[in-house]
Each structure stands twice: as C-alpha cells, then as structure tokens.
There are 2 protein chains.
Amino acid sequence: MNPDASAQKLPHVVIIGGGFGGITAARAFRKQPVRLTLIDRRNHHLFQPLLYQVATAALNPSDIASPIRRILRGQNNASVILGEAVSIDTRQKIVHLADGEVAYDYLILATGSTHSYFGHDQRSEAAPGLKTVEDAIEIRRRVLVAYEAAEREVDDSEVRGWLTFVIVGAGPTGVEMAGALAEISRRVLERDFRRIDPGRARITLIEAGPRVLPAMSPQSSEHALAQLRHLGVEVILNSAVSQIDDRSVTHSKDRIDTRTVIWAAGVAASSLGKALGAETDRAGRVMVNQDLSVAGSDGVFVIGDLASIKSDGKPVPGLSPAAMQEGRHAAKNILHLIRGESTKPFRYLDKGTLATIGRAAAVGDIGQLHVSGLIAWLMWLFVHIFFLIGFRNRFFVISEWAWVYLRNDRGARLITGDVEPLLERGERPEDRDRLLSR
Amino acid sequence: MNPDASAQKLPHVVIIGGGFGGITAARAFRKQPVRLTLIDRRNHHLFQPLLYQVATAALNPSDIASPIRRILRGQNNASVILGEAVSIDTRQKIVHLADGEVAYDYLILATGSTHSYFGHDQRSEAAPGLKTVEDAIEIRRRVLVAYEAAEREVDDSEVRGWLTFVIVGAGPTGVEMAGALAEISRRVLERDFRRIDPGRARITLIEAGPRVLPAMSPQSSEHALAQLRHLGVEVILNSAVSQIDDRSVTHSKDRIDTRTVIWAAGVAASSLGKALGAETDRAGRVMVNQDLSVAGSDGVFVIGDLASIKSDGKPVPGLSPAAMQEGRHAAKNILHLIRGESTKPFRYLDKGTLATIGRAAAVGDIGQLHVSGLIAWLMWLFVHIFFLIGFRNRFFVISEWAWVYLRNDRGARLITGDVEPLLERGERPEDRDRLLSR
C-alpha cells in the first residue's frame, strides 16, 4: 500500500486542475524525482474545444473526456485525488479541500475559467453556458426539447419561439454552436418531424463587438461571417444584450422571442485565483511573474486561463496551446528550483489559431497567413484529432464524425434528465388543456 | 403543416410506450391505412438488455438508445409525441397527458414495468435500480465514486466499505451487473490507483431464491453460478434482504458493510395499467384477453411487461421477444377490427433464453438444449447485436465492445453530476479533517 520510504523524502508537487495546463504539467514531471498529486473536482480531463459537439448531439461525452487516472496511469510518481480545492494556505503550504487537506512543497494552480454573466448571474438559468460535460448535456436537452415542444404546439407564434435559438457572444464557442445548430436543423432533423419544418428554425448569433471571432484577424472574421450566413445563421453585430428571460432576449436593436438561449459571451477566472491573495486583473486572473510564479507565495505557480501574463509585450491568450506551453514551463521551473537553479522567463510561441464554423467551413490565422473554407477545416480537424488525448478517443471520434458528416445523422440525440420542467418553463396555465391530437 | 384531409378520416391508433413492444407494434402499421401516434415520456427507445453495459462504463448511453423519431422517420403515417400519459378515459377514448390530451380509436398500452422495492420505496435512494439511462448513469457514478473515495480513505474498514458492492437479486440484470463489476475491478481499474488495489473489491450477489437466473433451466443456473464464482463474485443464495441503508445491507445470514448497493430484485408493472380499471394481477399487470384486448375497454390492447397472459397454459415471460411478438399481434388484431374481421388469439413462440455473465461467459436454454461458456456468449453477442435497432448503433457498439474486450479498457468511465453529495453520504464529521496527503 505504501510507497517506499525514500519516496516520502521527495519534494511533493501538487497540481490543482486537470485541464490542458494541469495535465501537461503533470506529464512533464514523468520520471522526475518528485512525488506528484493532481487534484480535480471531476474525474475526467475534458477536451473542451469539442464540447460544442456534445451540446449538438454529434459526439458522446466520453468521446471528448478521459478519466484523469487513465491519462496518468503509466506515471508511477503521480497520484490523483478527486476533490474540490476551496482555499490555499500559502504560508503553511497546504491546500484545503472541501473535505480534507493536502500539504505541498510546490503548487501549480491550473483551475482555469468559467463563464461570466458580468454580474447578471440570474441569467445562468435562462441562458446556460458551455464549460462542462453537464453544461453540454443540459444544452443538448434544451435544444432537443425545443423541437419536441414545437412539434406539439398548435399556436404559430409559440412554435416560432421554440424554433428560435439565440447564441450570445461570437467568440469561437458561439460561432461553433451557431454553425452546428444551423446544420442540425437544416440537415439532420429534417425528416424527423411531421408538423414542423426544422429547416425553418431561426439561429441568431448576437455579438456586442463589431465582428465575429474578435480575437482573430479581420480577414478571418470576414470569412467566418460569410460562412455563417451561408449556413443560414442570422448574425447581429454591435449589439449588446440587455435582458434575457424564459421567453425572450432583448438587445440594443430588437427583442427576439425565443425559448432557447445559449451564453457564450464572457469568461471569468476561477475563484481560486483570489484565494492566493495575489494581485488579480479585472477578469480575476492572477498577475504572475515572468517565470509564472506568484509574488509573495513561495513555490506557487499559476498557469492557463487563470494566469495573466504578457509575452513579447502582448497578453498571452486564453487558449489551450498557451496553457500547455505554460504547464510545461512551470514544471521545468519547479525542477530548476529543486536543483537549486534559477527559473527562466516564459515565452509564448504562437502557432496560429483555427476556428470551425460547420461542415467543411473554418477559418485560420497562421502568422501572416489567413486560410478559410475546406482547407482551414481540414487543418482544424487534423489538429483537434491529433491533440485529443488518448488513442481510444481519437479512434471513436473519427468514426463518429465520419458518420455525422457522411450521413447527416447525429446519433447522440438523447434527452436525459427531467423533460417536464422544461416543457412547462414559462408555460401559461391555459396552454395545458390544449388538445394535442390533430 | 397539415396532412391532407383524407388522412383525417383514417382510424387513429395511439401507442403509449416506445419500448420493444410499442416500437414493434408501430412498425407493424407501416403502409397500413391508419394514422398512428406514439407517445413516450422519453425521446428515445432503449435497448434495455445492454443497459448494464452503460452502468459499468463499457458503452455510452447513445450506443443503446435511439431517438424514437429516427426509428419511425421513414414511416409517413406515424407521429411521435414526447409526453407523459397520466390516465386513460376508455369511454371517451382519450389519453390524458400531463399537459394535454390525445383522442384515439384504438389504443395499444405498452408502458412496461419499473423496479419494485416491494413496499420499501425508501430503499430507492440507498439502492438504485436499473431501468432507464438516468439509472445507469447514476449507478456508473456511484461505482466510480466508490473507487475514488476508497483511494482517498485512510481507515482500512472504511476502504473495505467503499470497495464492497452488493447486488440484490440474481435475475439476468443482477447476474450481468455482478459479472461486469467483477471484470472492472479485476481487469480494468487495476493500474489506475496508487493506494488501493481494485482487484481486492468484494462483489456480492444476494438472491432470496435457491438459484441464480431462476427463470432459466436448473442446468443453466448451475453453469451461471460456476462462471460467476470463477469471476470472483461471492454468491449468497436462499437469503432475503431485510434492511438496506447508506452503510450496510442486512440479509438473512449476515450483515455486509457496503457503500454501494444495486437493486435488481423486483419489477412492478407500470401504474398506467391500473388506470384502465381492468383486472390486474399481484404485480399490477393487466389481465388481458387471449387476443391481447382488455375486457370492458373498447379498442384497447395491452402488450409486453404490462400484460398478464398465458400461452399454451404457461405465463408468457416478461422478455423482449415476447413483447415484440405481442406488439406485432396486437397491431394485426387492430387491422382485423378495422376491416370488420374478428381478432385472433395470441400464441407465444419461445425461441430460447440467453443470459450473459461476463467476457466469454454466458448460458442459454434453447428448447431442450442448454449451452454455456464461450459458445453461449457468442450466441448472446450475435443475438443482441442483431436486434439492436438502428445500424449506426450496431456499428459503434461492435467497435466499443471490441475495444473493451481486447484492451480491457472501459472508456465511458465518466463521473458526471455532483460528486460531493455522494462522497459525503453518511460521512461522519470527524472524517472531514483527515489529512489526505500521504
């Protein structure tokens, strides 16, 4: 049961968070003279860039999620703890969990970000975001239930409300969701219903800024906009959302009757960042030193979406490649410290950015090069399958995708959980007695 | 939107329930001069014989569940309604839903059965049953969390409680669950943990009767028992369970400390049977006429697990082949009635019974023939894949299985939903401060 006594003397590195940053850091300690403990409140690493595929019924949760234990199975110096870190005592060097505590010599904090409603947290019920497997299953449920409710509805304006899907925020997640929803309604569900025509569904993407994919080049934004419109997505730019409720979304230019709103607008850093007591930026990210360590906290490093850092004078973006590079770098710096050497500053290597819009539609910025359409999509496909952790997942994801794209059939169209509450959401009492038989 | 006027005059057949019986009945009306409406409170047909594979992380929910709409997509006379039937007015011929109503000319009731706690409904929290996708995900979550909690636990007797899994009831579901849990702990999770040895897990199957698989031949029971013991399952026969709580199961012979109990002991007919006002048997099943119609209810037929009927003097078993034969027969009888002909009595054709125990382990009774071991397992595999509705599912299930069996790797090992409540279930306050770092 117990590792040999000599292992007890090795420095104990604790990593909180099993996302891209945390997993990459953990792997960088492979065969190094440390004891490693990775703590996560979920048992799985999630390949978040493909989460929208679960939300739109193309992939199964287990296609894009892999148990952290399995990922680190071969790494003998690594333990995994399922638990929620609630605070950090940087003086005593102890991580407090909801139900226990773990002492560390070195700590890597990689708890990432969550969606932010910019102070309007009551919106989370009417407009769920997309960060976890549970979020994706909830959005899938809402989308599928909306079509079911529309099929049952006799009032035409009610049908329109159910068949209107609004996505708030045109970053990569918003653009992917809008494209995938357009494909579902136009191609997949077409023959499934008798009374409604899913192809009539209205997919609206609302963005407060002047262009979609604001983090990419203006050229890519233009291409993405054209591809979204070609798919039948209505894109509304320069319009901020002021109100969301069960039956509508109000933005600067209009009010839209809708029963399904998806929030893809803002991210906020994990609250654990503030627990360090270090300086944070407006989004709650920890201002880290150039070597990714935290001023005033001995042996603590912060990486990924939770870290605020500049490289070559530009902020490092909140993308998985950045988190992975930082994870590897923080691990190296800890090994430097263990050997009594000095740490090295982090430099971000930008290998380019890709975003997908739909089948055979994507855009990419690689240095000065801008690609779009089929070629960008093939690059996106290659990169995403290549980086999907665990061969099993890769194999199944390729098969599922081949099926989805060749047959226009999304197999994971399951509604699980309770259907009634959603059908009843905001329903007027007089609706309940309508005769449904035609 | 509206079907042509002539369709409005066709007789309206309503089927409640999209299980094996309901789906088979619906398909039997293909190209027949009726309007058909299938009502189910879930949007998917579930291939229940493989549900234990989801509960034990081998398959994904969508591998064994298929949207009812997709199954009936090509059948132009069929509509599908997502809704919950709560009562039936057999005089007015109206089905009342939780939120609407549907009029019928002919009704096929196929709402099946649920698990029964024999009056101890409070057991459902401590010992979930396995009937729905949600049940399977909940059991999967509890099993995986148990290993996680054991890995974190420092007290040896607590570790034993977490690593003890008790299955109550040795029918096909109980036997399959016990076999699959034994395989997970002995083969799959072996290398994933650092402190515990999953191979030490205790899997106990408790049966009140004198043999496992009581519905099969004594020879098959013997073979199944030997195969279960070979897999390391502890089988306790002739012992009734008297008490179940968060931390233990008490049966006639002993008390077992366990944190995970799975209920596979009893089934009760769907409560909708009683709503007809017809005679029911002790398990709540509707006593149907020999032609599957219900005395006193004009145009109503009951099939599948909800129907109590004898064929050749023997009760028809609650198995999917029987439900499918009854579904086809009820549909034919309704078509007879529509044409002004008389109905025909139902006769059950017993093609044999198969039950699986684990990898390459199964038993089968085919007439006077009893098979077991690899040959029975191959037959089981063939039959189950052959009948899995929807080719996509078949393809993916074969690939997933090939992976599971060749690599001993169960990919769907995701814990979704809230972890904390279960970790805390029955936990003593003094546990909370234990130092987890080793």
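Nothing here was measured: the structure is a model prediction, and the numbers come from that model.

Conventions used here
Residues numbered from 1 in each chain as written. Chains lettered and ligands numbered in written order. Predicted model: local features only at pLDDT ≥ 70, side-chain atom pairs only at ≥ 80, totals over all residues. Heavy atoms only, no water. Helix = DSSP H or I, 4+ residues; strand = E, 2+ residues; numbered from the N terminus. Buried < 20%, exposed > 50% of the residue type's maximum accessible area, 1.4 Å probe, protein only. Contact = heavy atoms within 4.5 Å. Areas by Shrake-Rupley, 256 points an atom, 1.4 Å probe, with all protein chains shown as cover. Axes fitted to C-alpha atoms, helices over the stretch in contact; angles between N-to-C directions. Left-handed = near helix turned anticlockwise from the far one by under 90°. Nonpolar A, V, L, I, M, F, W, Y, C, P; charged D, E, K, R; others polar. Pairing = 2+ DSSP bridges. Phe/Tyr/Trp six-rings, centres within 6.5 Å; stacked < 30°, edge-to-face > 60°. Lys NZ or Arg CZ within 6 Å of the ring centre and 35° of its normal. pLDDT = per-residue confidence, 0-100. Expected span 1.5 Å × (residues − 1). Arc of directions from axis to C-beta. Salt bridge = Lys/Arg side-chain N within 4 Å of Asp/Glu carboxyl O.

### As for the overall build of chain A
Part 1 of the argument: Helix and strand content of chain A: 15 helices and 26 strands.
Part 2 of the argument: Within chain A, the fraction of its 438 residues that count as buried is 60%.
Part 3 of the argument: The contacts in chain A between residues at least 6 apart in sequence include a share of 64% that link residues at least 24 apart.
Part 4 of the argument: Accessible area of chain A: about 17300 Å², with a carbon and sulfur share of 52%.

### Let's talk about the packing of helix α2 (residues 20–28) of chain B against helix α12 (residues 320–338) of chain B
Residue and element names in this part refer to chain B.
Part 1 of the argument: Packing of α2 against α12 brings their axes to within 7 Å, and their N-to-C directions diverge by 35°. Here α2 runs over α12; the crossing is right-handed. Judged by residue contacts, F20, G21, T24, A25 and A28 of α2 engage S320, A323, M324, G327, R328, A331 and L335 from α12.
Part 2 of the argument: Of the residues assigned to the contact of α2 with α12, the class counts are seven nonpolar, four polar and one charged.

### Considerations on the sheet that holds strand β9 (residues 106–109) of chain A
Strand-to-strand pairing in sheets goes through backbone hydrogen bonds, with the strands running parallel or antiparallel.
Residues and elements named next belong to chain A.
Part 1 of the argument: If you walk across this open sheet you meet the five strands as β5-β2-β1-β9-β20, and the pairing is parallel. The open sheet has two edge strands with one neighbour each: β5 (78–82) and β20 (300–302). With strand direction ignored, the average angle separating the axes of adjacent strands in the sheet is 20°.
Part 2 of the argument: Bridge count for strand β2 (residues 35–40) against β5 is five bridges, and the pairing is parallel. Each bridged residue has a counterpart across the sheet, and for L38 the counterpart in β5 is V80.
Part 3 of the argument: Contacts between helix α12 (residues 320–338) and the sheet are confined to β1 (12–16), β9 and β20, with β9 contributing the most and set at about 170° to the helix.

### Quick notes on the packing of aromatic side chains
All names here are of chain A.
Part 1 of the argument: Counted under the stated rule, the structure contains ten aromatic pairs over all chains.
Part 2 of the argument: Consider the rings of Y147 and F193, whose centres lie 6.1 Å apart with planes at 35°: the pair is tilted. Here the residue Y147 occupies a position in helix α7 (residues 133–152), and F193 occupies one in the loop between α9 (172–188) and β12 (202–206), the gap between them amounting to 46 residues. Taken as a pair, Y147 and F193 share a single burial class, namely buried.
Part 3 of the argument: Taken together, the ring pairs connect Y117, F118 and W263 into an aromatic cluster.
Part 4 of the argument: Across the ring face of Y106, the terminal group of K93 is positioned such that the distance to the ring centre comes to 5.9 Å.

### Re the sheet that holds strand β6 (residues 85–89) of chain A
All names here are of chain A.
Part 1 of the argument: Within the open sheet, the three strands sit side by side as β6-β7-β8. Their pairing is antiparallel. Edge positions in the open sheet fall to β6 and β8 (100–103), since each of these has one partner strand only. Across the sheet, the mean angle from the axis of one strand to that of its neighbour is 20°, orientation sign disregarded.

### Some thoughts on the confidence of the model for chain A
Residues and elements named next belong to chain A.
Part 1 of the argument: Within chain A, residue pLDDT values average 87, and 89% of them lie at 70 or more.
Part 2 of the argument: Within the model, the stretch residues 420–438 combines pLDDT values under 50 with 54 contacts to residues more than four positions away or in other chains.
Part 3 of the argument: What the predictor reports for the complex is a pTM of 0.85 with an ipTM of 0.79.

### Remarks on the environment of R30 of chain B
All names here are of chain B.
Part 1 of the argument: Counting through the fold element by element, R30 comes out in the loop between α2 and β2 (35–40).
Part 2 of the argument: You can call R30 partly exposed: its relative accessible area is 44%.
Part 3 of the argument: Excluding residues within four positions of it along the chain, R30 makes contact with G74 and Q75.

### Examining helix α10 (residues 218–230) of chain B
Residues and elements named next belong to chain B.
Part 1 of the argument: With 13 residues, α10 ought to run about 18 Å at 1.5 Å a step, and its terminal C-alpha atoms sit 18 Å apart, in line with that.
Part 2 of the argument: Turning to α10, its buried residues are S220, S221, A224, L225, Q227 and L228. All buried residues of α10 lie within an arc of 170° about the axis, which places them on one face of the element. Pointing more than 90 degrees away from the buried face of α10 are the exposed residues P218, E222 and H230.
Part 3 of the argument: After α10 finishes, the residue G232 shows a positive phi value of roughly 90°.

### Some thoughts on helix α9 (residues 172–188) of chain B
Part 1 of the argument: With 17 residues, α9 of chain B extends 22 Å between its outermost C-alpha atoms, agreeing within 8% with the 24 Å of an ideal straight helix rising 1.5 Å per residue.
Part 2 of the argument: Most of α9 of chain B is tucked away: 13 of the 17 residues are buried.

### Thoughts on the pattern of salt bridges
Part 1 of the argument: Applying the stated criterion to the full structure yields 34 salt bridges over all chains.
Part 2 of the argument: D99 of chain A is the partner of R152 of chain B in a salt bridge, and the nearest nitrogen-oxygen pair spans 2.7 Å. Of this pair, R152 of chain B sits in helix α7 (residues 133–152) while D99 of chain A sits in the loop between β7 (94–97) and β8, each in a different chain.
Part 3 of the argument: Taking the relative accessible area as the measure of exposure, R152 of chain B reaches 9% and is therefore buried.
Part 4 of the argument: For D99 of chain A, a relative accessible area of 7% gives the class buried.
Part 5 of the argument: Where R347 of chain A meets D312 of chain A, a salt bridge forms, and the shortest distance between an N and an O atom there is 3.2 Å.

### Quick look at the environment of T353 of chain B
Residue and element names in this part refer to chain B.
Part 1 of the argument: When you line up the elements, T353 lands in strand β24 (residues 353–358).
Part 2 of the argument: Looking at T353, the relative accessible area reads 24%, which means it is partly exposed.
Part 3 of the argument: Separated by 13 residues in the primary sequence, T353 and I366 have C-alpha atoms spaced 6.4 Å apart.

### Points about the pairing of β9 of chain A
Residues and elements named next belong to chain A.
Part 1 of the argument: The side-chain alternation of β9 yields two buried faces, one formed by Y106 and I108 and the other by L107 and L109.
Part 2 of the argument: Bridge count for β1 against β9 is four bridges, and the pairing is parallel. From the neighbouring strand, I15 faces β9, where its bridge partner is I108.
Part 3 of the argument: Pairing geometry for β9 and β20, over three bridges, is parallel. For I108, the partnering residue across the bridge sits in β20 and is F301.

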